[in-house]
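Descriptive analysis of the structure
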Amino acid sequence: YLLVGPFGRLAVTKTFAATSQNFNHDEIAAEVAILAKLKHDHIVGYISHCFQANFIFIVMEHASGGSLQHLSLAQEKLSRAVVAKYVLDAVKGLVYLHGEGITHCDIKPANILVSSDGTCKLADFGSSVNNLAAKSTSDEPSLRGTAVYMAPEACLGSEELASDIWSIGITTLELLIGAQPWGPRNPDIRGQLKFVSEVGNNEDMTPKIPSSIDADAVAFLKLCLNRDPVRRATAAQLLMSEFLQSI
């Protein structure tokens, strides 16, 4: 929902119904705790949260340009320069996020928002993990994120900072080619679980990079899309890539 503040400031709310079957108070509390500590130009700003009747509202800054998913669909295919600019902003947000010990766990075009001046900001921290927070020894591995953007280790329930780098790679490739790199996928839960299992267990499963993509962009994608998380670049290293330095 779009809100107008007392001095005309625009904001949006993320709304959770306590009566919903998918309602999880602990997950929402964890998201609020993460949002409240994040302050960065490339992270969507947290304003407040409140409880009313059977609803929880998280109030955040309004990004008037919508998401990169919305923009890429509206434009069919974004130019290389625009993609590099948007990805640069997203990676800057990741450098900050990872410096705070937080794995986003759901990087994708729908979760990268654009403000009116073209600045991109990471959003939606509902799947995020604070790696510095105390964890129970009884915690079971869980799948976090959206299947087609998940890294191999995340598909096996072991997300880490490097998992976000894989997701940045898939996102960048999607924006460059104007289509989902993995192609059409069965959208039902069985199809998604099958795909996740394939990405997690099949060592030959990596997205194809078209030969039409510029060499510096290909080099950037290869830094992201290594199946071994240890061999992927960090977010800070991605900033130094020729693809992002060209902006």
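Throughout what follows, the structure given in this document is the object of discussion.

About the thresholds
- Residues numbered from 1 in each chain as written.
- Predicted model: local features only at pLDDT ≥ 70, side-chain atom pairs only at ≥ 80, totals over all residues.
- Heavy atoms only, no water.
- Pairing = 2+ DSSP bridges.
- Helix = DSSP H or I, 4+ residues; strand = E, 2+ residues; numbered from the N terminus.
- Patch = residues over 30% accessible without salt bridge, like charges linked within 9 Å, V, L, I, M, F, W, Y side chains within 5 Å.
- Areas by Shrake-Rupley, 256 points an atom, 1.4 Å probe, with all protein chains shown as cover.
- Salt bridge = Lys/Arg side-chain N within 4 Å of Asp/Glu carboxyl O.
- Buried < 20%, exposed > 50% of the residue type's maximum accessible area, 1.4 Å probe, protein only.
- Axes fitted to C-alpha atoms, helices over the stretch in contact; angles between N-to-C directions.
- Contact = heavy atoms within 4.5 Å.
- Phe/Tyr/Trp six-rings, centres within 6.5 Å; stacked < 30°, edge-to-face > 60°.

As a further point, take the pairing of strand β2 (residues 10–17). Across three bridges, strand β1 (residues 2–4) lies against β2 in antiparallel orientation. Each residue of the ladder has a partner; that of Leu2, found in β2, is Val12. With seven bridges joining them, β2 and strand β4 (residues 55–61) adopt antiparallel strand pairing. Of the residues in β4, the one forming a bridge with Phe16 is Ile56.

We now examine a nonpolar patch on the surface. Residues Leu2, Val4 and Leu10 make up a contiguous nonpolar surface patch of roughly 290 Å² in combined accessible area. If you trace the backbone, Leu2 turns up in strand β1. Take Leu2: its relative accessible area is 53%, and that puts it in the exposed class.

Pairing between the strands of a sheet is mediated by backbone hydrogen bonds and can be parallel or antiparallel. Here we have four strands laid out as an open sheet, ordered β1-β2-β4-β3, and antiparallel in their pairing. The strands lining the two open edges of the sheet, one partner per strand, are β1 and β3 (46–52). Each neighbouring strand pair of the sheet contributes to a mean axis angle of 30 degrees, computed without reference to strand direction. The strands that helix α1 (residues 25–37) touches are β2, β3 and β4; relative to β4, the one it contacts most, it runs at about 20 degrees.

What follows deals with the environment of Gln69. Along the chain, Gln69 falls in helix α2 (residues 68–75). Between the alpha carbons of Gln69 and Gly178 there is a distance of 9.9 Å; along the sequence they are 109 residues apart. Non-local contacts of Gln69, meaning those with residues more than four positions away in its chain, are made with Pro109 and Ala110.

Let us now look at the environment of Phe23. Of note, Phe23 is situated in the loop between β2 and α1. Ignoring any residue separated from it by four or fewer positions in sequence, one finds Phe23 in contact with Phe16, Ala17, Ala18, Ile28 and Ile56.

Let us look at helix α7 (residues 215–224). Within α7, the full set of buried residues consists of Asp216, Ala217, Val218, Phe220, Leu221 and Cys224. Residues of α7 that are buried make contact with α3 (80–99), α5 (161–177), α8 (235–239) and α9 (242–245).

Throughout the structure, instances matching the rule amount to three aromatic pairs. Look at Trp182 and Phe195: their rings are 5.4 Å apart centre to centre, the planes differ by 75 degrees, and that puts the pair in the edge-to-face class. Separated by 13 residues along the polypeptide, Trp182 in the loop between α5 and α6 (189–201) and Phe195 in helix α6 bring together distant segments of the chain. Trp182 sits in the buried class, given a relative accessible area of 10%. The exposure class of Phe195 is buried, given its relative accessible area of 3%. Relative to Phe243, the ring of Phe220 lies with its centre 5.2 Å away and its plane at 45 degrees, an arrangement referred to as tilted. Here Phe220 is found in helix α7, whereas its partner Phe243 is found in helix α9, with 23 residues between them in sequence. For the pair Phe220 and Phe243, a shared accessibility class is recorded, and that class is buried.

Geometric values such as these leave the question of function open.
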